[in-house]
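Coordinates in review
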Amino acid sequence: MHEWALAEAVISTISRLAESEGLREIKEVKLKIGELQQIELEVFKFALTQLRDSSLLKNAKFNIEVVNAEIKCRNCGFEWSLEKEKIDKDAAEAIHFIPEVIHAFIRCPKCGSPDFEITGGRGVWIEDLKGVR
Amino acid sequence: MDRGLEGRKVKMSDPRLSIIDERLKDVDDIIAVSSGKGGVGKSLIASAIALTLAEKKYKVGLLDLDFTSPSTHVILNAGETHPTEWKGIIPPEIHSLKYMSIIYFSGNRALPLRGLEASNALTELLAITRWGQLDYLIVDMPPGIGDATLDIIKLIKRVRFLLVVTPSRLAFETVKKLIELLLELNVPVVGVIENMKMGESTFIRERIREIDLKYLGEIPFDHALEEAIGDPNRFSKTVFAERIREILEMNDYLKGS
Ligand SMILES: Nc1ncnc2c1ncn2[C@@H]1O[C@H](COP(=O)(O)OP(=O)(O)OP(=O)(O)O)[C@@H](O)[C@H]1O
Ligand SMILES: [Mg+2]
Ligand SMILES: [Zn+2]
């Protein structure tokens, strides 16, 4: 997902969470981002500050942690972590938007299979929220 | 008082889910062209419907959700078009319709995905695509009643299904299962199109009426169709496209339910 789309999605999810939990103000957001998403952190943080709703999130601190991409072959069991440098530019761009298209570009380095599983470092999720009721 | 939500976070913590509604909020009508059965003409019908609506000056989007065998880009001759990156992805405009397909990301390579991966890719595509204001979003569905069908029902609450069936009893057997599933889940069905009609049999028409669904119309087997694939101008002059025009006109451009 793209940085701006992602920031928008994160903010909208936080607003919904805050509403359902009755939080008036968010103090801290713990976010995890999979490395596979290849988010430009600076752009992402900038988008967050631009999109944040004034009252709910104005004092919120965003803790962002990038989680390594871990891949496991379903065919031979080999586990590896993706080295960004080894992916060509077009593939990297496509994977940035839709991580699953990695299956069109990457093969297991041991056995050549496209049947592998992304065991870590995919997606973006809100790990925790702290706020005031 | 400071409060953490640790432990209760899982249900809503995937940010993609809350953005999909936002992405589709200015789209008036979302119609999934589906069948359960493969090879019955879903992609051609979805493309022809989208092109015809665009011809009628409606604002139309066409979304190809078949990740295993995307084909609408071939029908439309999408060629070298590309989406634009702007706070997400803006679909390119081809023949007056906004178009999106996995091919913009996977190229023409094979994309072998297992169930959950296919679901993730579908969710991601819906979350990043900015359609803007549309009268219709036509969705070309993959065959089967598995992942993509369940996902679209889950992710787009107001999706309506248009079903394609061929005169074969074998095709109907499968489509019937999809119909039962949709009715059970209270998913609206726009109606059924019978494609590749060759004889005079009324078998399908009768079965459809028996279950109180709308029989939208039939399309004959068109020998000139294959030649027109990849040439939208020629395609729009085929008997096939002409019949789609008639069907849409007869059925009030699929409005209402
Ligand atoms: N009315 C018709 N007359 C002649 N040929 C047709 C007609 N409708 C579809 N076909 C042919 O049937 C084949 C399948 O069409 P299409 O790809 O649209 O089906 P589909 O249901 O989308 O298939 P899949 O399940 O693989 O996605 C194509 O080769 C197409 O040219
Ligand atoms: Mg198809
Ligand atoms: Zn392997």
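This section reports on the structure supplied with the text. (Residues numbered from 1 in each chain as written. Chains lettered and ligands numbered in written order. Predicted model: local features only at pLDDT ≥ 70, side-chain atom pairs only at ≥ 80, totals over all residues. Heavy atoms only, no water.)

The next subject is the overall build of chain A. From N to C terminus, chain A includes 5 helices and 6 strands. Reading the secondary structure of chain A in the N-to-C direction produces α-β-α-α-β-β-β-α-α-β-β. For the C-alpha atoms alone, the extent of chain A along its principal axes is close to 55 × 25 × 20 Å. For chain A, buried positions account for 51% of its 133 residues. In chain A, 77% of the contacts between residues at least 6 apart in sequence involve partners at least 24 apart. When the accessible area of chain A is evaluated, it comes to approximately 6100 Å², of which 45% is carbon and sulfur surface. Positive and negative charge centroids in chain A, built from 19 and 23 side chains respectively, lie 5 Å apart. (Helix = DSSP H or I, 4+ residues; strand = E, 2+ residues; numbered from the N terminus. Buried < 20%, exposed > 50% of the residue type's maximum accessible area, 1.4 Å probe, protein only. Contact = heavy atoms within 4.5 Å. Areas by Shrake-Rupley, 256 points an atom, 1.4 Å probe, with all protein chains shown as cover. Lys, Arg positive; Asp, Glu negative; His and termini not counted. Charge placed at Lys NZ, Arg CZ, Asp CG, Glu CD.)

Before going further, it helps to examine helix 5 (residues 115–128) of chain B. All names here are of chain B. Helix length check: helix 5 (14 residues) gives 20 Å between terminal C-alpha atoms against 20 Å at 1.5 Å per residue, within 8%. In terms of burial, helix 5 is largely enclosed, as 12 of its 14 residues are buried. For helix 5, the set of buried residues is E117, A118, S119, N120, A121, L122, T123, E124, L125, L126, A127 and I128. (Expected span 1.5 Å × (residues − 1).)

Moving on to the coordination of the zinc ion (ligand 3). All names here are of chain A. Every protein donor of the zinc ion (ligand 3) is accounted for by C73 (SG), C76 (SG), C108 (SG) and C111 (SG), and the metal-donor separations fall at 2.3 to 2.4 Å. Around the zinc ion (ligand 3) sit 4 donor atoms, and with donor-metal-donor angles ranging over 107 to 112° the site reads as tetrahedral. Expressed as a motif, the donor residue spacing for the zinc ion (ligand 3) is C-x2-C-x31-C-x2-C. Looking at C111, the relative accessible area reads 36%, which means it is partly exposed. (Donors = N, O, S within 2.8 Å, 3.2 Å for Na, K, Ca; no water. Tetrahedral: all angles 85-135°; square planar, octahedral: opposite > 155°, others 65-115°.)

All names here are of chain B. In the region of ligand 1, 19 residues are neighbours, and G39, K42, S43, N195 and D222 sit closest. At 2.8 Å from a nitrogen atom of ligand 1 is found a side-chain nitrogen or oxygen belonging to N195. When ligand 1 sits alone it has 640 Å² of accessible area, and the protein chains cover 80% of it. Breaking the shell around ligand 1 down by element, the ones donating at least two residues are helix 2 (42–55), strand 10 (189–197), strand 11 (215–220) and helix 9 (225–228). In terms of residue count, the dominant contributor to the shell around ligand 1 is helix 2 (3 residues). Looking at the shell around ligand 1 residue by residue, the classes come out as 10 nonpolar, 5 polar and 4 charged. (Near = heavy atom within 4 Å. Polar contact = N/O pair within 3.5 Å; in protein donor to acceptor, adjacent residues only side chain to side chain. Nonpolar A, V, L, I, M, F, W, Y, C, P; charged D, E, K, R; others polar.)

Taken N-terminus to C-terminus, the directions of helix 1 (residues 3–21) of chain A and helix 1 (residues 15–23) of chain B make an angle of 100°; their axes are 8 Å apart at the nearest point. By the criterion of interaxial angle, the relationship of helix 1 of chain A to helix 1 of chain B is roughly perpendicular. In this structure, helix 1 of chain A uses A:A5, A:E8, A:A9, A:V10, A:S12, A:T13 and A:R16 to contact helix 1 of chain B, whose residues at the interface are B:P15, B:R16, B:S18, B:I19, B:D21, B:E22 and B:R23. Tallied by class, the residues present in the contact of helix 1 of chain A with helix 1 of chain B amount to 5 nonpolar, 3 polar and 6 charged. (Axes fitted to C-alpha atoms, helices over the stretch in contact; angles between N-to-C directions. Parallel < 35°, antiparallel > 145°, perpendicular 65-115°, else oblique.)

Attention now moves to the interface of chain A and chain B. The interface of chain A with chain B comprises 41 residues on the first partner and 39 residues on the second. Across the pair A:D115 and B:R114 runs a salt bridge whose closest N-O atoms are separated by 2.6 Å. Applying the counting rule to chain A against chain B returns 9 residue pairs in polar contact (both at pLDDT 80 or more). Contributions of two or more residues to the side of chain A that touches chain B are made by helix 1, helix 4 (89–97), helix 5 (102–105), strand 5 (116–120) and strand 6 (124–132) of chain A. Looking at the side of chain A that touches chain B residue by residue, the class counts come to 21 nonpolar, 6 polar and 14 charged. (Salt bridge = Lys/Arg side-chain N within 4 Å of Asp/Glu carboxyl O.)

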